[in-house]
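Below are the chains, spelled out letter by letter.
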Amino acid sequence: MAPAPASGPGLATTVPAPRRVAFRRPGAAVIAGVAVLGTLVVIAVVAPLLIHDYVSINTGARLLPPGSEHWFGTDHLGRDIFDRTMVGSRNSLVVGACVALATTLLGVLFGLVAGYFRVVDSVLMRAMDGMMAIPGVLLAIALVSLLGGGLWTVIVAITVPEVPRTARLVRSVVLTLRELPFVTAAISVGTSTPKILLTHILPNAVGALTVQATYVCASAIIAEAVLSFLGVGTPPDIPSWGNVMAVGRQYFQLAPWIIGFPGVLLSVLVLAINTLGDSLRDRLDPHLARRSGL
Amino acid sequence: MPEAVAVLEVEDVVRHYGPPRRPVRAVDGISLTIRPGETVALVGESGCGKSTLARVILRLEPPTHGRIRLDGEDITELSGAALRDRRRLAQMVFQDPYASLDPRMTVEAIVREPLDNYRVGAPEERRICVAALLRRVGLVEEFAERFPHELSGGQRQRVGIARALALQPKIIIADEPVSALDVSIRAQVINLLMDIQRELGVAMLFVSHDIGVVAHLSHRICVMYLGRMMETGPTETIIRRPQHPYTRALLDAIPVSHPSLRRPRRLLEGTPPSPSNPPQGCRFHPRCGFAQACCRSAMPELRSLGGGTSVACHLAPLADASSTQGDHVQ
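Since this is a predicted model, take the numbers as computed values, not measurements. (Residues numbered from 1 in each chain as written. Chains lettered and ligands numbered in written order. Predicted model: local features only at pLDDT ≥ 70, side-chain atom pairs only at ≥ 80, totals over all residues. Heavy atoms only, no water.)

**Some remarks on the pairing of strand β4 (residues 65-70) of chain B**
Residues in a regular strand point their side chains to alternate faces of the sheet. Residue and element names in this part refer to chain B. Bridge count for strand β1 (residues 8-17) against β4 is five bridges, and the pairing is antiparallel. Looking at the pairing, Val10 lines up with Ile68 of β4. Bridging between β4 and strand β5 (residues 73-74) involves two bridges; their strand directions are antiparallel. In the strand pairing of β5, Arg69 is matched with Asp74. Counting the residues that bridge the hairpin from β4 to β5 gives two residues, and of these Asp71 lies at a positive phi of roughly 50 degrees. (Pairing = 2+ DSSP bridges. Helix = DSSP H or I, 4+ residues; strand = E, 2+ residues; numbered from the N terminus.)

**With respect to the state of the cysteines**
By definition, a disulfide links the sulfur atoms of two cysteine residues through a covalent bond. Residue and element names in this part refer to chain B. Enumeration over the complete set of coordinates arrives at zero disulfides over all chains. The cysteine Cys294 is free of any disulfide, with Cys295 supplying the nearest cysteine sulfur at 4.2 Å. According to the relative accessible area criterion, Cys294 is partly exposed, its value standing at 33%. Cys313 takes part in no disulfide bond, and the closest cysteine sulfur to it belongs to Cys295, at a distance of 6.1 Å. The class of Cys313 is buried, set by a relative accessible area of 6%. (Disulfide = S-S within 2.5 Å. Buried < 20%, exposed > 50% of the residue type's maximum accessible area, 1.4 Å probe, protein only.)

**Some points on helix α3 (residues 118-133) of chain A**
All names here are of chain A. When the terminal C-alpha atoms of α3 are compared, their 23 Å separation across 16 residues agrees well with the 22 Å that a helix rising 1.5 Å per residue should span. Looking at α3, one finds that the buried residues are Asp121, Leu124, Met125 and Met128. Projected down its long axis, α3 shows its buried positions confined to an angular sector of 100 degrees, all on one face. α3 presents Val119, Val123, Arg126 and Ala133 as exposed residues on the side facing more than 90 degrees away from its buried surface. Looking at the buried residues of α3, the elements they touch are α2 (81-116) and α5 (151-178). (Expected span 1.5 Å × (residues − 1). Arc of directions from axis to C-beta. Contact = heavy atoms within 4.5 Å.)

**Regarding the sheet that holds strand β9 (residues 220-225) of chain B**
Residue and element names in this part refer to chain B. Across the sheet, eight strands lie side by side as β6-β7-β8-β3-β9-β10-β12-β11; this open sheet has mixed pairing. This sheet does not close on itself; its edge strands, each paired only once, are β6 (90-93) and β11 (303-306). Between one strand axis and the next, the sheet turns through 20 degrees on average, direction left out of account. Here strand β3 (residues 39-43) pairs with β9 via four bridges, running parallel. Residue pairing in the sheet places Ala41 in a bridge with Ile221 of β9. (Axes fitted to C-alpha atoms, helices over the stretch in contact; angles between N-to-C directions.)

**Looking at the confidence of the model for chain A**
Residues and elements named next belong to chain A. Here chain A averages 82 in pLDDT, and 88% of its residues register 70 or above. Across chain A, the secondary-structure element scoring lowest on mean pLDDT is helix α10 (residues 286-291), at 50, and the one scoring highest is helix α6 (residues 181-188), at 93. Note that pLDDT drops below 50 for residues 1-11; the model gives that stretch 18 contacts with residues more than four away or on any other chain. Below pLDDT 50 for its whole length, residues 289-294 participates in 11 contacts with residues either more than four positions away or in separate chains. (pLDDT = per-residue confidence, 0-100.)

**A look at helix α7 (residues 193-229) of chain A**
Over its 37 residues, α7 of chain A runs only 46 Å from end to end, short of the ideal 54 Å by more than 12%, given 1.5 Å per residue. A positive backbone phi angle near 90 degrees is found at Gly231 of chain A, which sits one or two residues after α7 of chain A.

**Re unusual backbone geometry**
Residues and elements named next belong to chain B. Non-glycine residue Asp12 carries a positive phi angle of around 50 degrees. Its location among the elements puts Asp12 in strand β1. Unlike most non-glycine residues, Arg59 shows phi in positive territory, near 55 degrees. Within the secondary structure, Arg59 is located in the loop between α1 (50-57) and β4. With relative accessibility at 13%, the residue Arg59 sits in the buried group.

**Looking at the confidence of the model for chain B**
Residues and elements named next belong to chain B. Mean pLDDT for chain B: 87, with 95% of residues reaching 70 or above. For residues 321-330, every residue scores under 50 in pLDDT, and the model assigns this stretch 23 contacts once sequence neighbours within four places are set aside. Interface scoring of the predicted complex returns ipTM 0.85; its pTM is 0.80.

See below:
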């Protein structure tokens with residue numbers, strides 16, 4: 001029964017090697033994703049400063065194919081597709097970024113509250129379920145016709161149907177996390193509920209949230225294109241990839257370049273964002289990071 | 001031990017889950033008193049309600065019935081700020097050292113959290129306090145900047161112990177603190193807990209399924225089965241002269257270190273019945289080798305046998321109670 005000698009300092013003094021010894025080199029996909037996104041962001045910032053005339057109509061230069069004069073060709077009103085696409089990249093990126101940000105903020109707010117407080121949960125989540133039952137595009141069309149056209153209207157109209165999905169995701173993550181012993185431990189050392197939500201639950205949900213935010217960003221850019229395509233997106237004096245493509249739809253057989261160039265850029269951008277989201281998730285997750293030696 | 005206010009008094013605590021008509025009786029009427037500086041072990045098989053009792057004591061879940069007094073004050077009805085204020089007197093060491101530390105916090109942030117919550121000392125002093133706590137549990141200061149996933153299981157459990165000590169509690173509730181650890185690490189962590197217990201004079205409720213482990217460190221042992229207390233008494237008495245057949249079976253289950261030490265063992269068979277539908281009479285009778293007719297009809301109450309021992313068994317004291325069982329527990 002005699003206890004062993006005191007376990008003073010010295011028994012567990014093997015300090016682990018300094019963390020982040022080897023920084024994991026980003027893969028080719030990540031580098032490509034960063035390059036694409038970076039280039040498009042630069043274009044989005046610079047293009048509107050350099051290109052001023054992207055709305056004037058030139059009937060003498062209708063539906064010209066791509067050439068040295070008009071790199072991406074012209075549309076049915078003789079407007080330069082290159083100019084409109086470059087300027088439009090700003091609006092598409094703004095829509096994507098704003099929707100992702102707004103959706104994440106609202107989704108986190110609703111999700112945290114619903115996941116942690118049982119009473120609010122049933123009310124809030126039924127409301128979210130109700131919204132999810134309405135097709136997103138339909139809801140967006142209704143909102144745009146209610147609020148009138150414009151860039152911010154489009155952002156709101158796309159954000160609203162996206163929120164329930166993010167809220168649901170956050171709620172499910174919170175439901176999993178709140179049962180973990182480290183949350184119980186936080187309660188037992190006297191941490192208040194708001195502090196638990198902000199310092200224990202939220203940081204551990206960041207991985208899932210980041211992926212969701214990039215997904216929302218990508219789908220918002222597409223949604224904006226869809227709305228423009230349907231004629232309820234941004235007005236023609238605010239070019240976006242969506243409304244350039246909407247014009248191209250009517251002349252697809254005559255002038256495929258109108259829909260082709262913004263379409264390719266849209267696909268490349270969405271692919272880049274999704275790639276980055278995936279790799280970001282891997283890096284933000286401490287368990288995956290450990291496995292890969294981050 | 002001088003008579004003082006009990007650190008912890010648990011009075012007829014019941015915790016039921018599910019529908020009131022046919023509840024799962026996880027804890028079904030447990031009473032328990034722990035005096036300052038005393039280590040009490042709570043022993044029983046998995047699912048006997050010992051972890052639930054630990055959670056109820058900390059008011060991590062509400063008791064269905066009964067009273068809990070912490071350092072003389074009834075905390076059964078407390079909530080919000082009042083409960084948080086009392087909670088610092090009782091701190092917990094968790095079973096799973098992997099899940100009980102936030103993977104996104106550094107060791108310093110984890111140990112510091114309770115100090116920040118109760119505003120112990122000035123913010124600059126807390127850093128020094130964390131370093132002292134880490135040293136106390138045998139970790140060098142360099143650990144403060146590490147993340148839990150960079151530590152071994154034993155090191156993590158030391159961090160968990162440092163966190164539990166941060167508020168200088170009067171009682172530590174250790175819920176199977178070593179069962180998730182490698183056997184080679186267990187002794188170190190148990191010795192650490194014993195040292196701390198002696199040095200700081202803190203009381204401890206040590207929950208374990210392994211009666212062999214607690215024999216080394218506890219002053220008293222409480223044996224639980226299916227939510228009920230089967231036997232309680234001083235460790236020495238329980239180990240040497242176990243009165244309840246269930247206690248004897250637990251002692252028989254301790255492996256011996258050499259084949260020559262093997263003794264006739266009466267091992268339990270099967271699993272405990274469902275706590276949602278406990279057997280009539282004594283809850284242990286379906287698995288008891290001594291069961292009589294009375295065991296099947298009447299539930300035995302916990303009754304004192306003198307010397308601080310109480311047993312819930314119709315047949316106690318057993319005729320051959322002074323067996324040689326305990327000789328193997330070293």
